[in-house]
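Here is what each chain is made of, one letter per residue.
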6 protein chains.
Amino acid sequence: MSTSDITRADGRATDQLRPVKITRGWLDHAEGSVLVEFGRTRVLCAASFTEGVPRWRKGSGEGWVTAEYAMLPRSTNTRGSRESVKGKIGGRTHEISRLIGRSLRAVVDMSALGENSIVLDCDVLQADGGTRTAAITGAYVALADAVAWGQRHGHITARGKPVLTDSVAAVSVGIIDGTPMLDLPYEEDVRAETDMNVVVTGAGAFIEVQGTAEHAPFDRAELDTLLDLAVAGAADLTAFQQAALAQELGG
Amino acid sequence: MSTSDITRADGRATDQLRPVKITRGWLDHAEGSVLVEFGRTRVLCAASFTEGVPRWRKGSGEGWVTAEYAMLPRSTNTRGSRESVKGKIGGRTHEISRLIGRSLRAVVDMSALGENSIVLDCDVLQADGGTRTAAITGAYVALADAVAWGQRHGHITARGKPVLTDSVAAVSVGIIDGTPMLDLPYEEDVRAETDMNVVVTGAGAFIEVQGTAEHAPFDRAELDTLLDLAVAGAADLTAFQQAALAQELGG
Amino acid sequence: MSTSDITRADGRATDQLRPVKITRGWLDHAEGSVLVEFGRTRVLCAASFTEGVPRWRKGSGEGWVTAEYAMLPRSTNTRGSRESVKGKIGGRTHEISRLIGRSLRAVVDMSALGENSIVLDCDVLQADGGTRTAAITGAYVALADAVAWGQRHGHITARGKPVLTDSVAAVSVGIIDGTPMLDLPYEEDVRAETDMNVVVTGAGAFIEVQGTAEHAPFDRAELDTLLDLAVAGAADLTAFQQAALAQELGG
Amino acid sequence: MSTSDITRADGRATDQLRPVKITRGWLDHAEGSVLVEFGRTRVLCAASFTEGVPRWRKGSGEGWVTAEYAMLPRSTNTRGSRESVKGKIGGRTHEISRLIGRSLRAVVDMSALGENSIVLDCDVLQADGGTRTAAITGAYVALADAVAWGQRHGHITARGKPVLTDSVAAVSVGIIDGTPMLDLPYEEDVRAETDMNVVVTGAGAFIEVQGTAEHAPFDRAELDTLLDLAVAGAADLTAFQQAALAQELGG
Amino acid sequence: MSTSDITRADGRATDQLRPVKITRGWLDHAEGSVLVEFGRTRVLCAASFTEGVPRWRKGSGEGWVTAEYAMLPRSTNTRGSRESVKGKIGGRTHEISRLIGRSLRAVVDMSALGENSIVLDCDVLQADGGTRTAAITGAYVALADAVAWGQRHGHITARGKPVLTDSVAAVSVGIIDGTPMLDLPYEEDVRAETDMNVVVTGAGAFIEVQGTAEHAPFDRAELDTLLDLAVAGAADLTAFQQAALAQELGG
Amino acid sequence: MSTSDITRADGRATDQLRPVKITRGWLDHAEGSVLVEFGRTRVLCAASFTEGVPRWRKGSGEGWVTAEYAMLPRSTNTRGSRESVKGKIGGRTHEISRLIGRSLRAVVDMSALGENSIVLDCDVLQADGGTRTAAITGAYVALADAVAWGQRHGHITARGKPVLTDSVAAVSVGIIDGTPMLDLPYEEDVRAETDMNVVVTGAGAFIEVQGTAEHAPFDRAELDTLLDLAVAGAADLTAFQQAALAQELGG
């Protein structure tokens, strides 16, 4: 991986990920569970496998995968109020839950899954930027474990057809002081002129591209550079996922 | 503008917008109001100007612009339930409201606006695809009228500094049966493999790029073609906005 | 129609309606839809026809008609907060929704309708007094179109028995500065000592009489005069409804 | 009081009230409290006096009076679900709360009350028809006691100006099997073709007239008879109120 | 009953209950109803019997008993806001509802009850300390009447097996100025260093012991004294329940 | 510590705690944070220190401590629905949040804390019985760290007066198959005839005793044995807390 002359606060090169750690089997009960860390960002991803599908999908022969994202009140620098206490979920929470669900469904063959449901709970234990991208990256691994669980226990009966058609990982990129950078921690994220989250398959194709001009519109050249950074970063994350899944799971 | 040999259900070329209509001053009370139509999609955009800003912004000397998007229950083909009756707003509604607000704020100089607030209500009267892009395109015009109202009535006092630093328009693009197309009506939207909403300034820079693989991941070449289509379509919408704003407003 | 010497702000006689406009087929999707205007008051009435009835009515052989009324946030002079955002519906909204539903059900033969449901959505696009009476008046026309749609499409199978046993229209009356007047716009409504909404059938009988002393109790003689005004005004509205329904509907 | 030949299930004449009982001082804490009974209908009306007014009324020199109506879950024949558990208030509850508040405010001189607030809680302990009219009738007496309390304790300081400009009572009337009748218990109420609630001042003027055709429209002659019955019944209720208020209050 | 030298504000001995009054059949509709009074604390307990059980219990052959507790807004010294208006139930309300339900279920043989449900509504009309213990004590009597109703009407068909295996009563105890006392009214309750609610069967065994150090931790000796007081007080309440149930019920 | 002949599923003696682990400083942002483990039960306790107090306490010179308890959806054996999505908090959640807050406040000298607030968020990451007792035990340690933080940063200014007057720990006890046992995991908890949570100070006094007969009432002798077990278990937990707090905290 090439480096640049720009020095980031944490000493990384502009195209370098923060330290990534993927711990499988973090929970005893869940059919798949992962504690994923992108630097200080820490997200617990739990996959719950249940037989059956929501009513609108019954009889279709197809499964369903959905996700819920939330932040613990003190995951952030100052305490946020608890959404269960406020009695409603904020727009950002909804939006990210929907994004995670869509990203995972893009690599699931629903007919191979059969009439089973998998819910991914992505709870941010500590937030330092990139929580949604860490959540997608970790959730894919938890999903893979839950699918394997469903196969071992005979709930997934399709033969020869893989349930997961590819893997999926996500990473943030942004432009800070005019320089495109990979995997922004909180302090960079708030200063970014442009902020982009990119969801990429293991094969390198795009599932989702969400770029937002926070402080200044961006032009086509900047967009191209950001996409290059993101695709390379996602490839690194894919390697971390494969390494994690290659290990024997104790529990 | 080039055309292609592909025939769309409504006879348009792949790079052609649906008929666009922007009616200013549709409401008597609002400081700015626009009925915007992209084909059969019809969105009423009302801009409400109020002196003062939310508490967290008081004393900053800066203004604030926000948006709320909603659909009438029978704007769609089958009646949806009313969010006020359900007692909560869905994730999609939140997400689009936030997108519209961000898009408009990107072209507002908040210190030139001064401590004034403008709320854009974008209510979809009839939905036929592209409601969020029509809403952004129409809301910009209503915003411009509300800013002019604030200047005429002496609430905006900045001299020499324009409140609006540029215009903003939005359009959807997507890949249907392998062909990239501009401005998707509902029947194309549901079939699209990839769906992208692009928000572009009058100067042609990006404010927001949101591409989603609905049925199949997309590669870099497809992404490039979609962006080309969107930038050209947005330029056409900018021209419609300018023409509308050039007219004398009766009320 | 007789006139009086009192001059109203808009030049009308005390027993004169504001200009009434009933536009059928304003929406492409709804089974019946009307944009009704009483002066500057503008209400979009959409009738949604669905086969089947709520659970408590299943097997009865009878249909059901209900209504939901709402105001767009910027329909009024100053922006109101959106009920879907507040997460609950105000008392006034509930009350008017119930009134519209009751008024329409009074002219429907539920067994002739059969086990079908019609929901009337009455969304106030612009409010200038009399929104509930305009809503009832317009909703009747949308209901008539939805019933006709149900008959054309074979969902209503009763023969010889009309579904609509009569028409229904509504109008407001009130006492301003001691003078009873018909069809109050907002500026008269807030000043009225007594305010009354009257719902009348095409045959001239009462469905609902709701009189409220806003600033001073009213006596029997005043009540009688108000009822006279209302009955005459409702007859005029019935004529507008008949004229609208007599026209050929394009869509 | 004249009687008719019609025999009602409970043996009353058509123009006769059910047994009325007004017990003042039913609660120890409230500034005014009344248990009012119309036959088996039993409503507990508590008036809470507090210094100060809602924010929007501060500095006006005027007071405010409002009411909240609710039914205990087992006040009715079959248990209803608790609105606090459902998390929202039904339309009927809202509508009646608003009616009670309006009716009481019509006899209050807000500037004589000064910047004080009185809330009337009307909780239906047992329901057998006419709960809203019993609530208004009882709430007036509780209000009178709360006003007297405010005067005794020096919170109401206006001299020479009575706070209560008149008394207010309410009664239901309806047409059952073609016969107009006074004060309907539940079993008559459900059968009524037309149902009307009338709120009348001690002086005999109308504060509110709410007539609804439940099963058949009503004509002018029927309306006139119903109003006659209601005015006479309300006069009887006024006498009961005066008798109750003439007694020495123990607590 | 022994007395102590301590004089309480209301003249009671430390081990003496306030005057207890249990009025059965206070409501006409409910299958069991009791107005229970512990001094000025007044709770209306209504038992609603319905055939059938919640879905999760269907086919089990067993019944279900649950409770809902609530306070009228003006039951207390200053008016509280209505939970139905706030749209959610507070923690204390939930906690007490659950306690009452658990306490009653402890003396019900669910298989003898059969697939029937009984809901106990405990509404506090006036609060002066000990509302939850009065509610449990009264609710038991209402429950007994509802069970008898179910037997008389043939809904409970078990023979030879009593539905109620014992009775249940509850009382509060606490330490005020270092002295353990029985049955605390509000003014003692707020001053108590320790506050305990004890639920006891007719046979003298514990169903629930809830002791809380409000202002100072308590030691084992104090705990023992409080339990002695509570057991004796509960025995007195059991006698009141038996006496009430021994009377012929009019309605 | 004595042992008994009874063999528990996990091999413990009846008076033995599960393995206890208290990890301080588990979060980077919180002023105090602890991951506490009682066997497989894992609770993350975060203490948030803020200057100032709620409005009702302003100017009192005293601080405030409160707690919120919640379970992650997949902390349990089968996934529970997310309370933020349901839009309301269940009774059990409320009850436990209140218990934790009361327990901690019992050992805080509010005037020594001064006008500062500390919120304890106790989020159950994995549940295997005893989540509320683990939460209290861990929250005390997080609270101690937050108090120390407040002192180090000059927000707590009281001199000579300790803010924490004692420590607090909690443990569950219960009767299973007639045998009293300490610290119940889930599989024992569901089978317990009686279940008790006891909150004890470091000095060995009671703060809270909550005993519930789940399947059979309990007598005085059983209650005494349970209390003995709990006091001894709490003493062990106090030692674990002291050991954890004696260590140097890295972050």
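Going along each chain's sequence as written, the residues are numbered from 1 onward. Lettering for chains starts from A, numbering for ligands starts from 1, and both go in the order in which the items are written. Per-residue local features of the predicted model are confined to residues with pLDDT of at least 70, and side-chain atom pairs are confined, for both listing and counting, to 80 or more; whole-chain, interface and lining totals are unaffected and use all residues. To obtain the side-chain values, all non-hydrogen atoms of the structure were included, while hydrogens and water were left out.

Caption draft 1: Main features of the interface of chain B and chain C. The contact criterion used is simple: two residues touch if any of their non-hydrogen atoms lie within 4.5 Å. Tallying the contact residues gives 36 residues for chain B and 36 residues for chain C. Two parts placed together each lose some accessible area under a 1.4 Å probe, and adding up what both lose gives the buried area. Between chain B and chain C, the buried area comes to about 3,100 Å², and carbon and sulfur atoms account for 49% of it. Looking at the side of chain B facing chain C, the largest losses of area belong to B:His29, B:Arg74 and B:Arg82, adding up to 24% of the total buried there. By definition, a salt bridge exists where a carboxyl oxygen of Asp or Glu is found within 4 Å of a side-chain nitrogen of Lys or Arg. In this structure, the connection of chain B to chain C is made through 14 salt bridges. N or O atoms closer than or at 3.5 Å make up a polar contact, with two conditions inside protein: a donor-capable atom paired with an acceptor-capable one, and, for residues adjacent in sequence, both atoms drawn from side chains. The interface formed by chain B and chain C contains 24 residue pairs in polar contact (both at pLDDT 80 or more). Sorting the residues of the side of chain B that touches chain C by element identifies β3 (41–51), β4 (64–71), α1 (83–86) and β5 (116–126) of chain B as the ones contributing at least two each. Classes in brief: Ala, Val, Leu, Ile, Met, Phe, Trp, Tyr, Cys and Pro nonpolar; Asp, Glu, Lys and Arg charged; the others, Gly included, polar. When the residues that make up the side of chain B that touches chain C are grouped by side-chain class, the tally is 16 nonpolar, eight polar and twelve charged. Secondary structure elements follow DSSP: runs of H or I no shorter than four residues count as helices, runs of E no shorter than two count as strands, and numbering proceeds from the N terminus.

Caption draft 2: Region of interest: the relation of the copies chain B and chain C. For the pair chain B and chain C, the superposition axis carries a translation of 0.0 Å, the fit reaches an RMSD of 0.0 Å, and the rotation angle comes to 180°. In symmetry terms, the pair is related by a two-fold rotation axis. Most of the interface of chain B is mirrored in chain C, where 100% of its interface residues again form contacts. Here the copies were fitted onto each other by least squares, based on C-alpha atoms from residues at pLDDT of at least 70 in both.

Caption draft 3: Fine view of the arrangement of the chains. Looking at chain A next to chain D, you find no contact at all, with the nearest C-alpha pair sitting 11 Å apart. One finds no contact linking chain C with chain F; the least C-alpha distance across the pair is 11 Å.

Caption draft 4: Focus on the nonpolar core. The criterion is simple. A nonpolar core is a set of buried Ala, Val, Leu, Ile, Met, Phe, Trp, Tyr and Cys residues joined through side-chain atoms within 4.5 Å. Each residue is placed in one exposure class: buried if its accessible area under a 1.4 Å probe, protein chains only, is under 20% of its type's maximum, exposed if it is over 50%, and partly exposed if it falls in between. Membership of the largest hydrophobic core comes to 132 residues, with the highest contact counts inside it found for E:Ile100, E:Ile118, E:Leu120, F:Ile100, F:Ile118 and F:Leu120. With residues up to four places along the chain from it excluded, the contact list for F:Ile118 reads F:Ala47, F:Ser48, F:Phe49, F:Trp64, F:Val65, F:Thr66, F:Leu113, F:Leu143, F:Ala146 and F:Val147.

Caption draft 5: Up close: helix α4 (residues 131–152) of chain D. All names here are of chain D. Given a helix with a known number of residues, its expected span is that number minus one, times 1.5 Å. In this model, α4 (22 residues) spans 31 Å end to end at C-alpha, consistent with the 32 Å of a helix rising 1.5 Å per residue. For α4, the buried fraction is high: 19 of the 22 residues fall into the buried class. Gly 154 occupies a position one or two residues after α4 and carries a positive phi of about 75°.

Caption draft 6: Local environment of the pattern of salt bridges. The full count for this structure, using the stated rule, is 126 salt bridges over all chains. D:Asp121 is the partner of E:Arg79 in a salt bridge, and the nearest nitrogen-oxygen pair spans 2.4 Å. Within this pair, whereas E:Arg79 is found in the loop between β4 (64–71) and α1 (83–86), its partner D:Asp121 is found in strand β5 (residues 116–126), the two belonging to separate chains. Since its relative accessible area comes to 25%, E:Arg79 is described here as partly exposed. D:Asp121 gets classed as buried once you look at its relative accessible area, which sits at 1%.

Caption draft 7: Layout of the UniProt feature "domain: Exoribonuclease phosphorolytic" (unreviewed entry) in chain A. Residues and elements named next belong to chain A. UniProt annotation of "domain: Exoribonuclease phosphorolytic" (unreviewed entry) refers to residues 16–146 and 167–232 when read in the numbering used here. Within the segment residues 16–146, helix and strand shares are 30% and 32% respectively, and the terminal C-alpha atoms sit 30 Å apart. Span residues 167–232 is 26% helix and 44% strand, its end C-alpha atoms 15 Å apart. UniProt positions are given in the numbering used here, feature names are shortened, and annotations may be inferred rather than shown by experiment.

Caption draft 8: Layout of the UniProt feature "binding site: phosphate" (unreviewed entry) in chain A. All names here are of chain A. Mapped onto this numbering, the UniProt entry annotates "binding site: phosphate" (unreviewed entry) at Arg 92, Gly 130, Thr 131 and Arg 132. For the annotated residues, spread through 41 residues, the largest C-alpha to C-alpha distance comes to 13.5 Å, consistent with a single compact locus. Relative to the assigned elements, Gly 130 resides in the loop between β5 (116–126) and α4 (131–152). Contact partners of Gly 130, with chain neighbours within four places excluded, come to Arg 18, Phe 38, Thr 41 and Leu 184. By the element assignment, Arg 132 lies in helix α4. The residues contacting Arg 132, other than those within four sequence positions of it, are Tyr 69, Arg 92, Ile 96, Leu 99, Asn 197 and Gln 210.

Caption draft 9: Region of the structure containing the sheet that holds strand β9 (residues 206–213) of chain B. A strand pair is defined by DSSP finding two or more bridges across the two strands. Here we have eight strands laid out as an open sheet, ordered β7(A)-β6(A)-β8(A)-β9(A)-β9(B)-β8(B)-β6(B)-β7(B), and antiparallel in their pairing. Pairing within the sheet leaves two strands with one partner each, and these edge strands are β7 (179–182) of chain A together with β7 (179–182) of chain B. Going across the sheet, the axis of each strand differs from the next one's by a mean of 15°, ignoring polarity. The pairing of strand β8 (residues 194–201) of chain B with β9(B) spans seven bridges and is classified as antiparallel. Residue B:Val200 lies in a different strand from β9(B), and its bridge partner there is B:Phe206. Axis definition: a line fitted to C-alpha atoms, over the contacting stretch in the case of helices. Angles run 0 to 180 degrees between N-to-C directions.

Caption draft 10: Representation of the packing of aromatic side chains within the structure. Within 6.5 Å between ring centres, the rings of Phe, Tyr and Trp (the latter by its six-membered ring) count as paired, and their orientation is classed by plane angle as stacked under 30 degrees, edge-to-face over 60, tilted in between. Applying the stated criterion across every chain, the model contains 21 aromatic pairs over all chains. An angle of 50° between the planes, with centres 6.4 Å apart, marks the rings of A:Trp26 and F:Trp26 as tilted. Within this pair, whereas A:Trp26 is found in the loop between β1 (20–24) and β2 (32–38), its partner F:Trp26 is found in the loop between β1 (20–24) and β2 (32–38), the two belonging to separate chains. Throughout this description, the term charge over a ring refers to an Arg CZ or Lys NZ atom that lies within 6 Å of the ring centre and within 35 degrees of the ring normal. Above the plane of the ring of F:Trp26 lies A:Arg42, whose end atom (NZ or CZ) is 4.6 Å from the centre.

Caption draft 11: Spatial organisation of the pairing of strand β8 (residues 194–201) of chain E. All names here are of chain E. Across the eight residues that make up β8, a large majority, eight, are buried. Of the two faces of β8, the one lined by Thr 194, Met 196, Val 198 and Val 200 and the one lined by Asp 195, Asn 197, Val 199 and Thr 201 are each fully buried. Of the pairings in the sheet, the one linking strand β6 (residues 168–176) to β8 comprises eight bridges and is antiparallel in character. Within β8, the position partnered with Val 171 by the bridge is Val 198.

Caption draft 12: Up close: the environment of A:Gln16. All names here are of chain A. Inspection of the secondary structure assignment puts Gln 16 in the segment before β1. The class for Gln 16 is partly exposed, based on a relative accessible area of 32%. C-alpha of Gln 16 to C-alpha of Asp 183: the two residues are 167 residues apart in sequence and 7.5 Å apart in space. From its side chain, Gln 16 meets the backbone nitrogen of Ala 13 in a polar contact 2.9 Å long.

Caption draft 13: Seen up close, the state of the cysteines. Disulfides are defined in this document as cysteine sulfur pairs within 2.5 Å. All told, the structure shown has zero disulfides over all chains when counted by the stated rule. Looking at the unpaired E:Cys45, the closest cysteine sulfur is the one in E:Cys122, lying at 4.1 Å.

Caption draft 14: Expanded view of the environment of E:Ala244. All names here are of chain E. With respect to the helices and strands, Ala 244 occurs in helix α6 (residues 220–246). It is 7.5 Å that separates the C-alpha atoms of Ala 244 and Thr 23, two residues lying 221 residues apart in sequence. Excluding residues within four positions of it along the chain, Ala 244 makes contact with Ile 22 and Arg 24.

Caption draft 15: Spatial organisation of the packing of helix α2 (residues 91–105) of chain F against helix α4 (residues 131–152) of chain F. Residues and elements named next belong to chain F. Contact geometry of α2 with α4 gives a least axis separation of 10 Å together with a crossing angle of 40°. Relative to α4, the element α2 lies oblique. α4 is crossed by α2, and the crossing has right-handed handedness. When α2 is examined against α4, the residues Arg 92, Ile 96, Leu 99, Ile 100, Ser 103 and Leu 104 are found in contact with a partner set consisting of Thr 131, Arg 132, Ala 135, Ile 136, Ala 139, Tyr 140 and Leu 143. Across the contact of α2 with α4, the residue classes break down as nine nonpolar, two polar and two charged. Throughout, the term roughly parallel applies to angles under 35 degrees, roughly antiparallel to angles over 145, roughly perpendicular to angles from 65 to 115, and oblique to all others. In this scheme the handedness of a crossing depends on how the near helix is turned from the far one: anticlockwise by less than a right angle means left-handed, clockwise means right-handed.

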